[in-house]
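# Structure assessment
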Amino acid sequence: RFIAKPCAINLGIQDSGPHRAQPNAILEKVFTSITKSPDGKRLEGLSKQLDWDVRKIQRWFRHRRNQDKPTTLTKFCESMWRFTFYLSIFFYGIRFLWTAPWFWDTRQCWYNYPFQPLTSRLYYYYILELAFYWSLMFSQFTDIKRKDFLIMFVHHLATIGLITFSYMNNMVRVGTLVLCLHDASDFLLEAAKLANYAKYQRLCDAFFMLFGVVFIVTRLGIYPFWILNTTLFESWELIGPYPSWWLFNGLLVTLQVLHVIWSYLIIRTASKALVRGKVSKDDRSDVESSSEEEDVTSNSTKGIFSTSSNGSNRLNGHVAGGQWTGE
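Residues numbered from 1 in each chain as written. Predicted model: local features only at pLDDT ≥ 70, side-chain atom pairs only at ≥ 80, totals over all residues. Heavy atoms only, no water.

To keep things clear, this is the line we draw: UniProt positions are given in the numbering used here, feature names are shortened, and annotations may be inferred rather than shown by experiment.
By the naming in an unreviewed UniProt entry, the chain goes by CERS5 synthase and is assigned to Thryothorus ludovicianus. In the Catalytic activity (unreviewed entry) part of its UniProt record, the chain is described as follows: "sphinganine + octadecanoyl-CoA = N-(octadecanoyl)-sphinganine + CoA + H(+)".

### Section: the nonpolar core
Just so we agree on the cut-off: Here, nonpolar core refers to any group of buried Ala, Val, Leu, Ile, Met, Phe, Trp, Tyr and Cys residues whose side-chain atoms link them within 4.5 Å. Burial classification: accessible surface area is computed with a 1.4 Å probe over protein chains only, and a residue below 20% of its type maximum counts as buried, one above 50% as exposed, and the rest as partly exposed. Secondary structure elements are taken from DSSP: a helix is a run of H or I of four residues or more, a strand is a run of E of two residues or more, and numbering for both begins at the N terminus.
Membership of the largest hydrophobic core comes to 55 residues, with the highest contact counts inside it found for Leu-97, Trp-102, Tyr-223 and Phe-248. With 12 residues, helix 9 (residues 172-197) is the largest single contributor of residues to this core. Phe-31, Leu-50, Trp-60 and Phe-61 belong to the second-largest nonpolar core, a separate cluster that totals 10 residues.

### Description of helix 10 (residues 201-239)
Quick reminder of the rule: To get the bend at a residue, fit one axis to the 7 residues ending there and another to the 7 starting there, then take the angle between the axes.
For helix 10, the principal kink sits at Tyr-223 and spans about 55 degrees; a proline, Pro-224, occurs within the next four residues. After helix 10 finishes, the residue Gly-240 shows a positive phi value of roughly 85 degrees.

### A few points about the environment of Cys-109
Put simply, the test is: Only heavy atoms matter for contacts: two residues are in contact if any of them lie within 4.5 Å across the pair.
Note on placement: Cys-109 falls in the loop between helix 6 (101-104) and helix 7 (120-139). Expressed as a C-alpha distance, the spacing of Cys-109 and Glu-234, which sit 125 residues apart in the sequence, is 9.2 Å. Here Cys-109 is in contact with Trp-102, Gln-116, Arg-173, Val-174 and Leu-177, once residues within four sequence places are set aside.

### A few points about the UniProt feature "transmembrane region" (unreviewed entry) in the chain
Mapped onto this numbering, the UniProt entry annotates "transmembrane region" (unreviewed entry) at residues 83-103, 123-142, 207-226 and 246-267. Taken end to end, residues 123-142 is 85% helix and 0% strand, and its first and last C-alpha atoms sit 30 Å apart. Annotation note: span residues 246-267, helix share 100%, strand share 0%, distance between end C-alpha atoms 31 Å.

### Quick notes on the confidence of the model for the chain
Here is the rule we go by: Every residue gets a pLDDT, meaning the predictor's confidence in that residue, from 0 to 100.
Per-residue confidence for the chain averages 79 on the pLDDT scale, and 80% of its residues sit at or above 70. Scored below 50 in pLDDT, residues 278-327 shows 176 contacts in the model against residues more than four places distant or in partner chains.

### Thoughts on the packing of helix 7 against helix 8 (residues 149-168)
Rules: Angles run from 0 to 180 degrees between N-to-C directions of axes, and those axes are lines fitted to C-alpha atoms, restricted for helices to the stretch in contact. Put simply, angles under 35 degrees are roughly parallel, angles over 145 are roughly antiparallel, angles from 65 to 115 are roughly perpendicular, and the rest are oblique. Take the far helix as your reference; a near helix turned counterclockwise from it by less than a right angle gives a left-handed crossing, and one turned clockwise gives a right-handed crossing. Each residue is assigned to one of three groups, with Ala, Val, Leu, Ile, Met, Phe, Trp, Tyr, Cys and Pro labelled nonpolar, Asp, Glu, Lys and Arg labelled charged, and all others, Gly among them, labelled polar.
Two elements in contact, helix 7 and helix 8, have axes whose closest approach is 10 Å; the angle formed by their N-to-C orientations is 155 degrees. With respect to their mutual orientation, helix 7 and helix 8 come out roughly antiparallel. Our pair here, helix 7 against helix 8, has a crossing hand that is left-handed. Counted together, Tyr-123, Tyr-126, Glu-129, Leu-130, Tyr-133, Trp-134, Leu-136 and Met-137 of helix 7 and Phe-153, His-155, His-156, Leu-157, Thr-159, Ile-160, Ile-163, Thr-164, Ser-166 and Tyr-167 of helix 8 form the full contact between these two elements. Residue composition of the contact of helix 7 with helix 8, grouped by class: 12 nonpolar, five polar and one charged.

Laid out in structure tokens, this is it:
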């Protein structure tokens, strides 16, 4: 309200939503009481009842669905908050871990386990991360529902489970490595969204490409060969198969499966932009074009992210008409 909104206004982002559907009591009743996406048979019936063309009715329902979506200004403010948190917590984690012995030697995570001291810096790092992911868990039910809702739901469950479980079992050393690794790319994605909302296309593309590189390196490279290696093999070697070993590693492997899925989506998005010079409509987009003509316009937009004709689109929250593949 006091920081993000003034910044958005200074960047020329208007607090205007999608085109509103013209008032119609009959269609509004169908929309609110029966269905938001009528099938062909219902469309034919409404066409005869209203003496409207079927395509006009379809356009009305598109506009009506879109008008409930948040404005670009609202999404800019949300992304700016997330960018601020991710960037702050990442640098806090790096500064804290830089002097930690287990950051350079992962075997230190298991020496003298479980009798390892919990410092105040470690405690606050964990509590901040846990509080944030709990907030995401609740907000995903009120945010725009995307096609990857189930994946994000599983991700938040796994993350909260890992943070809580590792804290209860004093596995905080390896837990801090997992948290810091995941925060390394998240703030870049939010930065790309901010640039997209502000219509700085080249900056947006640059941030997204950087995000893709960091995401793939950390989630498909460092995570399995550094994190999973120490939790699966080094821990087994140093302290043996403790009772919670299977659950802990099961959650970590679940995260790795999600990393593979998201990496595929990111690579597909980037390859479309590089090969064709443009991308088609985002599979996860929460805003529909209001006509076929608008779809054509949207699909012909250059760059990694294409802005929809009504100018709005999460994350979980997330971005307007762009090729967002996951957080």
